[in-house]
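# Commentary on secondary and tertiary structure
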Amino acid sequence: MKRVTDFLVIGTGIAGLSYALKVADYGGVLLVAKSLADEGSTNYAQGGIAAVVDALDSYEKHIKDTLIAGDGLCDEEVVRFTIEDSTERIKELVGYGAQFDRKRSGEFDLAREGGHSEHRVLHHKDRTGQEIERILLEKVRQHPNISLLENHFAIDIITQHHLGVEVNHRTPDIRCYGAYVLDLKENRIDTFLAKTTMLATGGNGNVYATTTNPIVATGDGVAMVHRAKGTVRNMEFIQFHPTSLYNPGEKPSFLISEAVRGAGARLCNLKTEYFMAKYDKRLELAPRDIVARAIDNEMKITGDDHVYLDCRGISKYTLLQHFPTIYAKCLSTGIDISKELLPVVPAAHYSCGGIVVDENACTSIERLYASGECSCTGLHGANRLASNSLLEALVFSHRAYLHAVEVVRDTEICSDIPEWNSEGMVLNEEMILITQSLKEVQTIMSSYVGIVRSNLRLKRAFDRLAIIHRETEALYNRSVHSVALAELRNLIKIGYLIITMSMERRENRGLHYNVDNR
Ligand code: FAD
Ligand code: SIN
């Protein structure tokens, strides 16, 4: 079946929703999510959204903090315009009805997180993402021009390749005509033709065995763009959040927000030695790469599976007021954080790299935009400053909207695109072939391509992944498509990109640390 639209939007997190809402005033929007609309990282975001909204703060300070965290790889112009736009984007969210916590005086109650020199993180208790997702989804569902399709999985973007034209990574004018989308209810692959397409598909944490990301975070957008010969970069910069709850077997790992350290929690090893002073003078509020590596090192020295976060210095009142979700979750696992030490461990959390975009969120492929975690804008460089990602998504989706509404005016739908060809495909015989390969990919990545890397480990990961790649491609080429198989294929591509870009980076910078680099 063919469907035609002005704006195709793939993803219903902060990036996709905030964009869809704006372009919908200028044409028809098809908005797809592979699962339920609110299942994405946005809904799980805890700490908040960084923005300059306080007289004591300034754009210059926030810019400086972002540049320091990014360790020399940020694009300074991008950092500047993103942060200078933060005040306006927050006003807009508040105008939509988003509730951020306020003090009695009515001013925003701002939190502080690692790498920030000021209190500047707006939050809704420890459920900021849920509040943003709630308000954006509510508005999207009310808009008459938006068709929201849940349980629709985008398999590939459509380009000239699907018209039989050869394209490669040097082809200058690759163009996107829409996407092939698997309707999970009908079990059918439809052809979605669009004047412009937005990828807002989020992160890829599930390439690792331990991640804070929900299961939908499988790097689909990045994999699709790389297959379509678009440009992807900085994939080696995977941010491991220092503190996820150590609770073996739980997936995703439950995040313990950095804002808890911002409120005074401290890290210690199992001998209750508070170790951060050995690593950085900013202690627990050093940028994430430093704190995660410090924890990794402590765990290696002691041989323990976790360290502790000591929240006992924070009053119970503050814990209950600001971190009710975290407090309740820990209590449900038997730990009262107002009295007991909390076992924590780093977990894969955020991808700083992704689909390369310019200042208008345009990718290297014409008529294709990317925003949010799947994109690489230049804001984060080698390490993202805490709570800058929700902001980045808002700013770039806004810029994409301004650009895309002009593009659709002079663009025609390409109607020659063939429907998806499933001829000769057979039902995949055994699910175990997919689930086992997925576990292997995650084990390889966690064992060899984690916080601290080496040339030998990267080579081993590359070789092991190549075997799984060959097996999976063979399976893919003969099987009727399923989400599990498509996601596995995408995660293998993501693993490949992280490994090869790690191999190419011959320096230790930000989140990338290889013991063989000096
Ligand atoms: P997401 O919100 O992840 O949405 C992705 C969407 O894409 C989903 O709708 C999904 O269904 C859809 N999708 C993906 N692939 C396909 C496909 N093939 N076909 C169809 N649909 C598809 N950042 C902050 O700035 N502050 C925080 O406090 C913060 N806390 C966090 C806490 C946690 C636990 C996590 C995991 C992340 C946190 N982050 C935080 C990071 C931030 O939440 C994410 O980077 C951001 O929400 C990503 O938004 P997004 O719109 O790009 O993607
Ligand atoms: C957190 O609350 O620690 C997450 C913030 C982020 O990932 O930016």
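Reading across the sheet, the three strands line up as 9-14-16 and stay open at both edges, with mixed pairing between neighbours. Pairing within the sheet leaves two strands with one partner each, and these edge strands are strand 9 (232-233) and strand 16 (375-376). One ladder, built from two bridges, connects strand 9 with strand 14 (residues 354-356); its direction is antiparallel. Across the sheet, the residue bridging to V232 is I355, located in strand 14. Across the sheet, helix 7 (residues 220-227) is in contact with strand 9 and strand 14; its angle to strand 14 comes to roughly 50°.

Okay, the pairing of strand 12 (residues 307-310) next. The alternating pattern of strand 12 places V307 and L309 on one face and Y308 and D310 on the opposite face, and all of these are buried. The pairing of strand 11 (residues 266-268) with strand 12 spans three bridges and is classified as antiparallel. Across the sheet, C268 pairs through a bridge with Y308, a residue of strand 12. Strand direction decides the pairing type here: strand 12 and strand 13 (residues 342-351), joined by three bridges, are antiparallel. The partner of Y308 across the bridge, within strand 13, is P343.

Another aspect to go through is the environment of H322. Mapped onto the elements, H322 comes out in helix 10 (residues 316-322). Residue class for H322 comes out partly exposed when judged on its relative accessible area of 23%. The spatial distance from the C-alpha of H322 to the C-alpha of E359 is 35 Å, given a sequence separation of 37 residues.

What follows concerns the nonpolar core. If you look at the biggest cluster of nonpolar residues, it comprises 66 residues, and the most contacted ones within it are L199, Y208 and I498. Element by element, the count of residues in this core is highest for helix 15 (residues 483-504), at 10 residues. Aside from chain neighbours lying at most four places away, what touches L199 is I10, I157, G221, M224, V225, I355, L368, Y369, A370, S371 and C374.

Right, let's talk about the sheet that holds strand 12 for a bit. A sheet is described by the order of its strands in space; here four strands give the open sequence 10-13-12-11, paired in antiparallel fashion. In the strand order of this sheet, the two ends are held by strand 10 (238-245) and strand 11, each with one partner. Going from strand to strand, the sheet's axes swing by 45° on average, the running direction of each strand aside. Alignment of strand 10 against strand 13, held across six bridges, turns out to be antiparallel. Its bridge partner being in strand 13, Q239 is matched across the sheet by Y350.

The local shell around ligand 1 holds 37 residues, among which T12, T42, G48, E373 and S389 are the closest. At 3.2 Å, a backbone N or O of I14 approaches an oxygen atom of ligand 1. Here A15 contributes a backbone N or O atom positioned 3.0 Å from an oxygen atom of ligand 1. Protein chains shield 98% of the accessible area of ligand 1, which is 1000 Å² for the free molecule. Among the elements of the structure, helix 1 (14-23), helix 2 (41-44), strand 6 (152-158), strand 13 and helix 12 (389-409) are those that each provide at least two residues to the shell around ligand 1. Residue composition of the shell around ligand 1, grouped by class: 13 nonpolar, 19 polar and five charged.

Definitions and cut-offs
- Residues numbered from 1 in each chain as written.
- Chains lettered and ligands numbered in written order.
- Predicted model: local features only at pLDDT ≥ 70, side-chain atom pairs only at ≥ 80, totals over all residues.
- Heavy atoms only, no water.
- Pairing = 2+ DSSP bridges.
- Helix = DSSP H or I, 4+ residues; strand = E, 2+ residues; numbered from the N terminus.
- Contact = heavy atoms within 4.5 Å.
- Axes fitted to C-alpha atoms, helices over the stretch in contact; angles between N-to-C directions.
- Buried < 20%, exposed > 50% of the residue type's maximum accessible area, 1.4 Å probe, protein only.
- Core = buried A, V, L, I, M, F, W, Y, C linked by side-chain atoms within 4.5 Å.
- Near = heavy atom within 4 Å.
- Polar contact = N/O pair within 3.5 Å; in protein donor to acceptor, adjacent residues only side chain to side chain.
- Areas by Shrake-Rupley, 256 points an atom, 1.4 Å probe, with all protein chains shown as cover.
- Nonpolar A, V, L, I, M, F, W, Y, C, P; charged D, E, K, R; others polar.

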